[in-house]
Amino acid sequence: MRRVRYRVAASLDGFIAGRNGEFDWIVMDPEIDFAALMAEFDTLLMGRHTFELVEKSGRGFMGMKAVVFSRTLRSSEHTHVTVVRENGADLVRELRAKPGKDIWLFGGGQLFSSLARANLVDTVEVAMMPVLLGQGIPLAPQLVEAKKLKLAGQTIYKAGIVSLQYAIL
């Protein structure tokens, strides 16, 4: 079964984006092999806010299938992605059961919290950036119950990034 992996950059004080969604504080470390990282996935899951930031950036979806969870977007206006308005947990279960690479829960924090409540997230993989934002979009807002984690790996980079990989128990 494919894994759903919440892989995200976060500030040391636990924010995945600034208060206006900005992410210019994320350190782009040449020591990190982004091509190898992206090769582990073939599907992106994201909420509407993250989708709008990706669209605005013009960077695209890195050659992956994109699934956007939104109650307001219309699939007829965004034919290059799959828009899910209802029954998101059911779709994620279907995606996990299909053959393929792992599924990248790309953002944001609200989608993570929702899928974690449904026990549909397998790992939390956070690249802690050497920055304090003070405010912004939290890593796991609205997480109703605690989730126990087991450290599965860690990497420390020369630029000060600490990458932590946890399995959700």
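That block above? That's the structure.
Residues numbered from 1 in each chain as written. Predicted model: local features only at pLDDT ≥ 70, side-chain atom pairs only at ≥ 80, totals over all residues. Heavy atoms only, no water.

Quick look at helix 4 (residues 109–117)
An α-helical turn contains 3.6 residues, so a residue and the one three or four places further along point in the same direction. What counts here: Remark: exposure states derive from per-residue accessible area (1.4 Å probe, protein chains only) relative to the maximum for the residue type, with buried under 20%, exposed over 50%, and partly exposed in between. In this description a helix means any DSSP run of H or I spanning at least four residues, a strand means any run of E spanning at least two, and both kinds are numbered starting from the N terminus.
Here helix 4 has its buried residues at Gly109, Leu111, Phe112, Ser113, Leu115 and Ala116. Backbone geometry just downstream of helix 4 places Asn119 in the positive-phi region, at approximately 60°.

What about the pairing of strand 6 (residues 102–107)?
Put simply, the test is: Two strands pair if DSSP finds at least two bridges between them.
With 5 of 6 residues buried, strand 6 lies mostly within the body of the structure. As judged from the 3 bridges shared by strand 1 (residues 4–11) and strand 6, these two strands associate in the parallel manner. Opposite Val4, over in strand 6, you have Ile103 as the bridge partner.

Some words on unusual backbone geometry
Cis rather than trans, the peptide bond between Gly107 and Gly108 has omega equal to 5°. Residue placement: Gly108 occurs in the loop between strand 6 and helix 4. Notably, Asn119 is not glycine yet its phi reads approximately 60°, a positive angle. As for its placement among the helices and strands, Asn119 is situated in the loop between helix 4 and strand 7 (123–129). Positive phi values are uncommon outside glycine, yet Gln142 reaches one of about 60°. Within the secondary structure, Gln142 is located in the loop between strand 8 (137–138) and strand 9 (149–156). Look at Gln142 and you get exposed, because its relative accessible area is 53%.

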